[in-house]
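# Structure assessment
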Amino acid sequence: MSAEGVRSLVALASQVLGLEDHGDLVWGHVSVRDPSGRGVWMKAAGWAFEEVDADRVLLVGWEGEVLEGSGRRHAEYPIHTEVMRARPDVQCVVHTHAPAAVAFASLGEPLRPISHEGTFFVPPDIARFTLTGDLILTRELGEALAQTLGDRNAALLVHHGIVTVGPDVPTAVVGAILLERACRKQLMAMAAGPLRTWSSDEEALRKREHCYPPELIRQAWEYLVRRVQARSQTPVPA
């Protein structure tokens, strides 16, 4: 994929996340691995998800230098560079301050597969990064986050937000949306009383296979893209 194609894809992913209420004013970011191995493409700082277009996407090198594009990079670029350094299989990283996920993480409760969405992440219980609730500003903290994530598809950053990853943009972005929905549904259930039932590990794994194979993730992504197109009334690259 060309540099322009990658920039357009980062912009589209950002717009989807904005439309799905993952925005926190101008904070949060999504990245795509540079096809040439120079670093990661991510949105420039100072813009909300829904404001991002291809001109507001930067190529950030492995040590944080801006190699292409104009504007400031996000301070938390080590989330993206260090996860991708540790995980050659990951092509996209999403970090947002998803509100239900932040609220849920503060309870210290296991994420239970009470819904389809929960089965995308558990079993085993979702990874939790607890070393700090502050920003991930250094390579060392980025490495620690990557170690916590391990080979999983998501982690809760307690008192901070979420990270989701995938072998492509649709998987990482849809994963962020599913995680927020899973946390919100569990919060709703817990507000009515203690949880009483949830899928067994065996059933959850079957549901993961049935509900979220790559072709269905792609269909969900295409729907989200159509929502962006309908809002903008202009063609959006798929």
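Everything below is about the structure shown above.
What counts and how
- Residues numbered from 1 in each chain as written.
- Predicted model: local features only at pLDDT ≥ 70, side-chain atom pairs only at ≥ 80, totals over all residues.
- Heavy atoms only, no water.
- Phe/Tyr/Trp six-rings, centres within 6.5 Å; stacked < 30°, edge-to-face > 60°.
- Lys NZ or Arg CZ within 6 Å of the ring centre and 35° of its normal.
- Buried < 20%, exposed > 50% of the residue type's maximum accessible area, 1.4 Å probe, protein only.
- Helix = DSSP H or I, 4+ residues; strand = E, 2+ residues; numbered from the N terminus.
- Pairing = 2+ DSSP bridges.
- Right-handed = clockwise from strand over helix to strand, strands pointing away.

Take the packing of aromatic side chains next. In this structure the tally under the stated criterion is two aromatic pairs. An angle of 90° between the planes, with centres 5.1 Å apart, marks the rings of phenylalanine 120 and phenylalanine 121 as edge-to-face. Following the ring pairs from residue to residue traces out a cluster consisting of Phe120, Phe121 and Tyr212. Sitting above the plane of the tryptophan 47 ring, arginine 56 keeps its charged end 3.4 Å from the centroid.

For strand β8 (residues 161–166), the buried fraction is high: six of the six residues fall into the buried class. Burial of β8 is two-sided: the residues Gly161, Val163 and Val165 facing one way and the residues Ile162, Thr164 and Gly166 facing the other way are all buried. As paired elements, strand β5 (residues 92–96) and β8 share five bridges and run antiparallel to each other. Bridge pairing in β8 places valine 93 opposite valine 165. Strand direction decides the pairing type here: strand β7 (residues 154–157) and β8, joined by four bridges, are antiparallel. Among the inter-strand pairings, leucine 157 is bridged to a residue of β8, identified as glycine 161. What sits between β7 and β8 in their antiparallel hairpin is a turn of three residues, with histidine 159 showing a positive phi close to 70°.

Let us look at the pairing of β7. Burial of the side chains of β7 extends over both faces: Ala154 and Leu156 are buried on one face and Ala155 and Leu157 on the other. One ladder, built from three bridges, connects strand β6 (residues 127–129) with β7; its direction is parallel. Its bridge partner lying in β7, arginine 128 is registered against leucine 156. One crossover worth recording links β6 to the parallel β7 by way of helix α4 (residues 139–149), and it is right-handed.

Limitation: the analysis is restricted to geometry and does not speak to function.
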